[in-house]
Amino acid sequence: MDEFQKEPVPENQSPEKQSASEQKFFVSPVAAGIIGLAGAFFLYQIVGGGLTLLIFGFDLEAAPVDGMRLMTIAGQILFILLPALLFAKFFYFDISRVIKFNLPEGKEVLLFILGMIILIPLLQNYLYIQNHIIEKLAAGSEFINSVKSVLDSLNELVEKTYGNLLKAETIIEGAFVIFLVAVIPSICEETMFRGFIQKSFSFKIKPFWAAGITAVFFGLYHFNPYGILPLIMLGFYFGFAAYMSNSLVIPMLLHFLNNLLAVLVYFIFGSSEFIDTAIESSIDISSSIISFIFLFTLFAGVLFLIKRYYADKNRDRS
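All values reported here derive from a predicted model rather than from experimental measurement. (Residues numbered from 1 in each chain as written. Predicted model: local features only at pLDDT ≥ 70, side-chain atom pairs only at ≥ 80, totals over all residues. Heavy atoms only, no water.)

Caption draft 1: Representation of the overall build of the protein chain within the structure. Within the protein chain, the secondary structure is distributed over nine helices and zero strands. Burial analysis of the protein chain (318 residues in total) assigns 46% to the buried set. The contacts of the protein chain with a sequence gap of at least 6 include a subset with a gap of at least 24, amounting to 81%. When the accessible area of the protein chain is evaluated, it comes to approximately 15900 Å², of which 69% is carbon and sulfur surface. (Helix = DSSP H or I, 4+ residues; strand = E, 2+ residues; numbered from the N terminus. Buried < 20%, exposed > 50% of the residue type's maximum accessible area, 1.4 Å probe, protein only. Contact = heavy atoms within 4.5 Å. Areas by Shrake-Rupley, 256 points an atom, 1.4 Å probe, with all protein chains shown as cover.)

Here's what the structure looks like:
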């Protein structure tokens, strides 16, 4: 599949779906997208991370949890959301050319949510299969086992830091955690990745590749050693939603629901299964494979329904 859809583009569609020759840019949109990728990484991970270490020191486990939470919110807003808006204004003069909030119809929202409901357990089963394979390979290779040990250490650090942010003793604290983990990232990250970066790429390259490139860097950006491929697939689905709906509303909603589910599972069951991507040796691999195939088939069916919905919608407009 080279692109998401090939239906005629209505006249009122977004600029990235029009001919590139009709667009006027301050710099190449691809260059703008690359600057967005580099800027998001440098500002959030390097500058934001440096400030965190400067303020709290290198022993982050001993740092006050509320302080870390506030620092995380500030980092998302100052180093992801604000740069996305400034980049859009600087490179395109009109922010609305790349960052759109068109209100979707109820049916399309439900279709994408249905896809999300299937995608989450699908990716969880993929993780079981992936980690089972890694464990078997590590048992037969000293080199792979050494790599796995490094990944385990990185994963433990990531999960411990994230788990500390999720802990809540009161309802008010729980609401604040949801705001931190589900609301803020869905707005800030989607504005940068599916808004500025993916839209920039979409001006010059096919939407499929624009979403794919953005999703790869979205996965890398999260520094989750075992969960990188599931994060890429999540990012690609968010990108698919952003392109098909010509809006950031649906990908923001999907991002919010994904993170909200992780928080609620943690609150209710006291388990980090939905955020923990480490090797799990007690999994029935046969059941995971069967579940993966079944869920993959269902997910492919939902994608077909989504594309059919927009094909009919575009046909009615023309």
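Read on for the rest.
Caption draft 2: Broad picture of the packing of helix H5 (residues 171-202) against helix H8 (residues 249-269). Packing of H5 against H8 brings their axes to within 8 Å, and their N-to-C directions diverge by 155 degrees. Comparing the axis directions of H5 and H8 gives the class roughly antiparallel. Handedness of the crossing formed by H5 with H8: right-handed. Contact residues: H5 offers Gly174, Val177, Ile178, Val181, Ala182, Val183, Pro185, Ser186, Ile187, Glu189, Glu190 and Thr191, while H8 offers Pro251, Met252, His255, Phe256, Asn259, Leu260, Val263 and Phe267. Split by residue class, the contact of H5 with H8 holds 13 nonpolar, five polar and two charged. (Axes fitted to C-alpha atoms, helices over the stretch in contact; angles between N-to-C directions. Parallel < 35°, antiparallel > 145°, perpendicular 65-115°, else oblique. Left-handed = near helix turned anticlockwise from the far one by under 90°. Nonpolar A, V, L, I, M, F, W, Y, C, P; charged D, E, K, R; others polar.)

Caption draft 3: A look at the pattern of salt bridges. Taken as a whole and assessed by the stated rule, the structure comprises eight salt bridges. The closest approach of N and O atoms between Glu108 and Lys313, which form a salt bridge, is 3.2 Å. Of this pair, Glu108 sits in helix H3 (residues 106-140) while Lys313 is found in helix H9 (residues 285-317), placing the two residues 205 residues apart along the sequence. A relative accessible area of 17% means that Lys313 is categorised as buried. Of the charged contacts, one joins Lys148 and Asp152 as a salt bridge, the two residues approaching to 3.0 Å between their closest N and O atoms. Note that Lys148 and Asp152 are positioned in helix H4 (residues 142-166) at a spacing of four residues, about one turn of the helix. What makes Asp152 partly exposed here is its relative accessible area of 26%. Overlapping salt bridges, with partners in common, bring together Asp66, Arg69 and Glu173 in one network. (Salt bridge = Lys/Arg side-chain N within 4 Å of Asp/Glu carboxyl O.)

Caption draft 4: Structural context of the confidence of the model for the protein chain. Per-residue pLDDT for the protein chain has a mean of 86; in total, 87% of the residues score no lower than 70. The least confident element of the protein chain, judged by mean pLDDT, is H4 at 81; the most confident is helix H7 (residues 228-245) at 96. Segment residues 6-21: pLDDT under 50, and 27 contacts once partners within four positions in sequence are set aside and those in other chains are kept. (pLDDT = per-residue confidence, 0-100.)

Caption draft 5: Fine view of the nonpolar core. Counting 61 residues, the largest nonpolar core has Phe112, Met192, Phe196, Tyr237, Leu254 and Ile306 as the members making the most contacts within it. In this structure Phe112 touches Tyr237, Phe240, Ala241, Met244, Ile250, Leu254, Ile306 and Tyr310, once residues within four positions along its chain are discounted. In terms of nonpolar packing, the next biggest core, distinct from the first, is built from five residues, Ala211, Ala215, Ile232 and Phe236 among them. (Core = buried A, V, L, I, M, F, W, Y, C linked by side-chain atoms within 4.5 Å.)

Caption draft 6: View of the packing of aromatic side chains. Counting across every chain of the model gives 20 aromatic pairs. Their ring planes at 35 degrees and their centres at 5.5 Å tell us that Tyr92 and Phe203 sit as a pair that is tilted. Placement of the pair is Tyr92 in helix H2 (residues 65-92) and Phe203 in the loop between H5 and helix H6 (207-221), with a sequence separation of 111 residues. We note that Tyr92, like Phe203, is buried. Ring centres of Phe193 and Phe218 lie 5.4 Å apart, and the angle between their planes is 80 degrees; on these two criteria the pair is classed as edge-to-face. In this pair, Phe193 sits in helix H5 while Phe218 sits in helix H6, placing the two residues 25 residues apart along the sequence. (Phe/Tyr/Trp six-rings, centres within 6.5 Å; stacked < 30°, edge-to-face > 60°.)

Caption draft 7: Geometry of the environment of Pro251. Structurally, Pro251 is set in helix H8. Residues Pro251 and Thr191 lie 60 residues apart in sequence; the distance between their C-alpha atoms is 9.6 Å. In this structure, Pro251 is in contact with Glu190, Phe238, Ala241 and Ala242, ignoring residues within four places of it in sequence.

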